[in-house]
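Structure at a glance
Residues per chain, in single letters:
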4 protein chains.
Amino acid sequence: MDLPKILKQYNELCEDNDWQVFHTPKNLASAMCVSSAKILEHYQWITEEESLSLARLPNSRDKIEAGIAETFFHLLALANRSGIDLEQAVLKKALKDAEDHQGAPDA
Amino acid sequence: MDLPKILKQYNELCEDNDWQVFHTPKNLASAMCVSSAKILEHYQWITEEESLSLARLPNSRDKIEAGIAETFFHLLALANRSGIDLEQAVLKKALKDAEDHQGAPDA
Amino acid sequence: MDLPKILKQYNELCEDNDWQVFHTPKNLASAMCVSSAKILEHYQWITEEESLSLARLPNSRDKIEAGIAETFFHLLALANRSGIDLEQAVLKKALKDAEDHQGAPDA
Amino acid sequence: MDLPKILKQYNELCEDNDWQVFHTPKNLASAMCVSSAKILEHYQWITEEESLSLARLPNSRDKIEAGIAETFFHLLALANRSGIDLEQAVLKKALKDAEDHQGAPDA
């Protein structure tokens, strides 16, 4: 995934449409909640077992795929506006998770 | 960002800790809502103006950074469990957004 | 508000439609997130100032009103399924909030 | 439940602590998402079956009870700030749900 390129294109789209004024961290964090909840909406009344195969239905799949991409764009924009480097954030989190579970019996 | 490598390491961590049984799409979509809302919690009572500089405070920044990474891991795991390719999802969404706004007066 | 009567009617509707099997606490908590986020969707890109008058537009008002009622039903059902008395919960919370802020300079 | 009395006391507490300035509809809708997600956090990795008995554990019960009350207060405040009568909203929704399902085979 060429993240820098995708981010650059997305930022250009935002600029072309004058979206930056709306993209405050407060609004982007709200938008992450909203787009995540729209994904959850597909799963809220089905069982975990049923949820395993939901994305095989083309209609559901397209909506879940679009919801994932939308949440990801909001997440990238929030990181960008907050001066947070996603790659660094991910490495730090992965390291912390690995440390937290290093001594676990099944590790 | 070497996404395939990060995803591989994360999947190994999940396997080592037997987390896959919990990582159903239904649970991962819930977890995305929860971790997004934990980010929003920092912004819920401040103004949009104030939200622009919140990540400059080291304590807030660390929590927002961790929340972004956590949401991203849940998002990657949901895509993975649903057979959705994040890169494809992002490209499709970027294309659709660009098309939707191609004819806009300020494009 | 005759809460016991409303709750009784709502429970009958759930029984008549065999909804109880879906109304596990896990699902109801998810549904509260989803219906809350659908309310937030109306506010996510507007300013706090603009949000003060949004409910004056009939179309927005109807959707916000429906979202509030839906979240309230999920909340009532979650309390009911969890053996939690909403009135007691509210009194306990009001008391705690009042205690927490009793010594505040402007109290 | 003496809702008007509880709402009056809650509004006084808000006034005494100068909270109204923070209680814009935009912020209250965010707060509903955050407090709902904090309830969901208790259920996100457990099964629906396990969720049925979670509120029997005193520690979990207290947190879920507090989360329900907090969400309810935000919901009341949002309705109040938006000029929406909760009782009317609930009756309208109950009527609509009953109508939508009147002709269902199992009604």
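An account of the accompanying structure is given in this report. None of these values were measured; they are calculated from a predicted model. (Residues numbered from 1 in each chain as written. Chains lettered and ligands numbered in written order. Predicted model: local features only at pLDDT ≥ 70, side-chain atom pairs only at ≥ 80, totals over all residues. Heavy atoms only, no water.)

In this section: the relation of the copies chain B and chain C. Under the fitted operation, chain B is carried onto chain C by 0.0 Å of movement along the axis and a turn of 180°, and the coordinates agree to an RMSD of 0.0 Å. Expressed as an axis order, the relation between the two copies is that of a two-fold axis. Minimal C-alpha separation from the rotation axis in chain B is found for S30 of chain B, amounting to 3.4 Å. Here 100% of the contact residues of chain B are again contact residues in chain C; the copies associate through an equivalent surface. (Least-squares fit on C-alpha atoms with pLDDT ≥ 70 in both. Contact = heavy atoms within 4.5 Å.)

What the rule picks out here adds up to 2 aromatic pairs over all chains. Centre to centre, the rings of F72 of chain A and F72 of chain B are 5.4 Å apart; their planes meet at 15°, and the pair counts as stacked. Residue F72 of chain A is located in helix α4 (residues 58–81), and its partner F72 of chain B is located in helix α4 (residues 58–81); the two belong to separate chains. Residue F72 of chain A shares its accessibility class with F72 of chain B, and that shared class is buried. (Phe/Tyr/Trp six-rings, centres within 6.5 Å; stacked < 30°, edge-to-face > 60°. Helix = DSSP H or I, 4+ residues; strand = E, 2+ residues; numbered from the N terminus. Buried < 20%, exposed > 50% of the residue type's maximum accessible area, 1.4 Å probe, protein only.)

Attention now moves to the layout of surface pockets. Quantified by volume, the largest pocket comes out at close to 400 Å³. K93 and D97 of chain C together with W19, E70 and H74 of chain D are the residues nearest the centre of the largest pocket, which is lined by 18 residues in total. At the level of secondary structure, the elements contributing two or more residues to the lining of the largest pocket comprise α5 (86–100) of chain C together with α4 (58–81) of chain D. Classifying every residue of the lining of the largest pocket gives 7 nonpolar, 3 polar and 8 charged. (1 Å grid on protein atoms, 1.4 Å probe; cavity = no way out; pocket = protein on both sides within 12 Å on 5 of 7 lines; lining within 4 Å. Points joined across faces, edges and corners; volume = space filled by probe spheres on them. Nonpolar A, V, L, I, M, F, W, Y, C, P; charged D, E, K, R; others polar.)

With that settled, the discussion passes to unusual backbone geometry. All names here are of chain B. In this model, D18 sits at a positive phi of 55°, which is unusual for a non-glycine residue. Position of D18 among the secondary structure elements: in the loop between α1 (3–16) and α2 (25–43). With relative accessibility at 47%, the residue D18 sits in the partly exposed group.

Relative to the 34 Å expected for 24 residues at 1.5 Å per residue, helix α4 (residues 58–81) of chain C spans 34 Å between its end C-alpha atoms, a close match to the ideal helical length. Note on α4 of chain C: the residue one or two positions beyond its end, G83 of chain C, has a positive phi of about 65°. (Expected span 1.5 Å × (residues − 1).)

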